[in-house]
Amino acid sequence: MIGRLNHVAIAVPDLAAATALYKDVLGATVGAPQDQPEHGVTVVFVTLDNTKIELLHPLGKDSPIAGFLARNPAGGVHHICYEVADITAASARLKRARARVLGDGKPRIGAHGKPVLFLHPKDFTGTLIELEEA
Ligand code: CO
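Engineer: For this particular structure, what's the right way to read the coordination of the cobalt ion?
Structural biologist: Six octahedral donors around a metal ideally subtend angles of 90 or 180 degrees, whereas four tetrahedral donors ideally subtend 109.5 degrees. Ligation of the cobalt ion by protein atoms is provided by His7 (NE2), His79 (NE2) and Glu130 (OE), these donors lying 2.0 to 2.2 Å from the ion. For the cobalt ion, the single-chain donor residues occur in sequence as H-x71-H-x50-E. In this pair, His7 sits in strand 1 (residues 5–11) while Glu130 sits in strand 9 (residues 129–133), placing the two residues 123 residues apart along the sequence. For His7, a relative accessible area of 1% corresponds to the buried category.

Engineer: Explain helix 3 (residues 87–96) to me, please; I cannot follow it from the model alone.
Structural biologist: Inspection of helix 3 places Ile87, Ala90, Ser91 and Leu94 among the buried residues, and these make up the whole buried set. Down the axis of helix 3, the buried set is contained in an arc of 100°. They therefore lie on one face. Residues Thr88 and Arg96 are exposed on helix 3 and point more than 90 degrees away from its buried face. Where helix 3 is buried, its residues contact strand 6 (76–84), strand 8 (115–119) and strand 9. Its side-chain oxygen at 3.0 Å from the backbone nitrogen of Thr88, Asp86 defines the N-terminal cap of helix 3. One or two residues past the end of helix 3 sits Arg98, with phi positive at roughly 60°.

Engineer: Even after reading the chapter, I still don't get the environment of Gly3, so can you show me in this structure?
Structural biologist: Turning to its location among the elements, Gly3 is positioned in the segment before strand 1. Separated by 128 residues in the primary sequence, Gly3 and Leu131 place their C-alpha atoms 9.6 Å from one another.

Engineer: What's the story with the nonpolar core in this structure? I'm lost.
Structural biologist: Grouped together as the largest cluster of nonpolar side chains are 22 residues, with contacts concentrated most on Ile10, Ile53, Leu55, Leu94 and Leu131. Those elements that place two or more of their residues in this core are strand 1, helix 1 (15–25), strand 4 (41–47), strand 5 (52–58), strand 6, helix 3, strand 8 and strand 9. In this structure, Ile53 is in contact with Val8, Ile10, Tyr22, Val44, Phe45, Val46 and Leu48, ignoring residues within four places of it in sequence. Ranked by size, the runner-up nonpolar core spans nine residues in total, among them Val43, Leu56, Ile65 and Leu69.

Analysis parameters
Residues numbered from 1 in each chain as written. Predicted model: local features only at pLDDT ≥ 70, side-chain atom pairs only at ≥ 80, totals over all residues. Heavy atoms only, no water. Donors = N, O, S within 2.8 Å, 3.2 Å for Na, K, Ca; no water. Helix = DSSP H or I, 4+ residues; strand = E, 2+ residues; numbered from the N terminus. Buried < 20%, exposed > 50% of the residue type's maximum accessible area, 1.4 Å probe, protein only. Arc of directions from axis to C-beta. Contact = heavy atoms within 4.5 Å. Polar contact = N/O pair within 3.5 Å; in protein donor to acceptor, adjacent residues only side chain to side chain. Core = buried A, V, L, I, M, F, W, Y, C linked by side-chain atoms within 4.5 Å.

Put into structure tokens, the structure is as follows:
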């Protein structure tokens with residue numbers, strides 16, 4: 001069901017420092033910070049040949065990554081995103097497997113303007129998984 005690795009999202013306490021690290025120390029291609037107020041984050045995209053890294057920093061009061069950074073003050077891997085061809089079929093398959101989908105279980109529009117689902121980390125070896133229709 002899952003296809004390519006779309007991105008790995010890393011929550012960072014200092015976006016400028018993390019961007020400089022990827023750009024100057026690791027020599028990666030990094031974009032400009034993008035505020036995504038509807039998702040409560042500011043994102044810097046790091047483009048690699050085979051996937052992307054997203055550096056996430058909280059934006060606003062109710063950021064979904066604020067709690068994660070409080071527990072992981074140095075930052076850390078927040079989620080990984082796999083592509084699926086059909087998010088509705090993926091949702092049905094997960095329901096049959098009794099895997100927990102976060103929220104109301106229905107796909108919503110994610111940070112790239114495409115339908116996404118998030119899966120409970122306790123059902124997936126401690127890793128928050130995002131599925132994106134691509
Ligand atoms: Co993501």
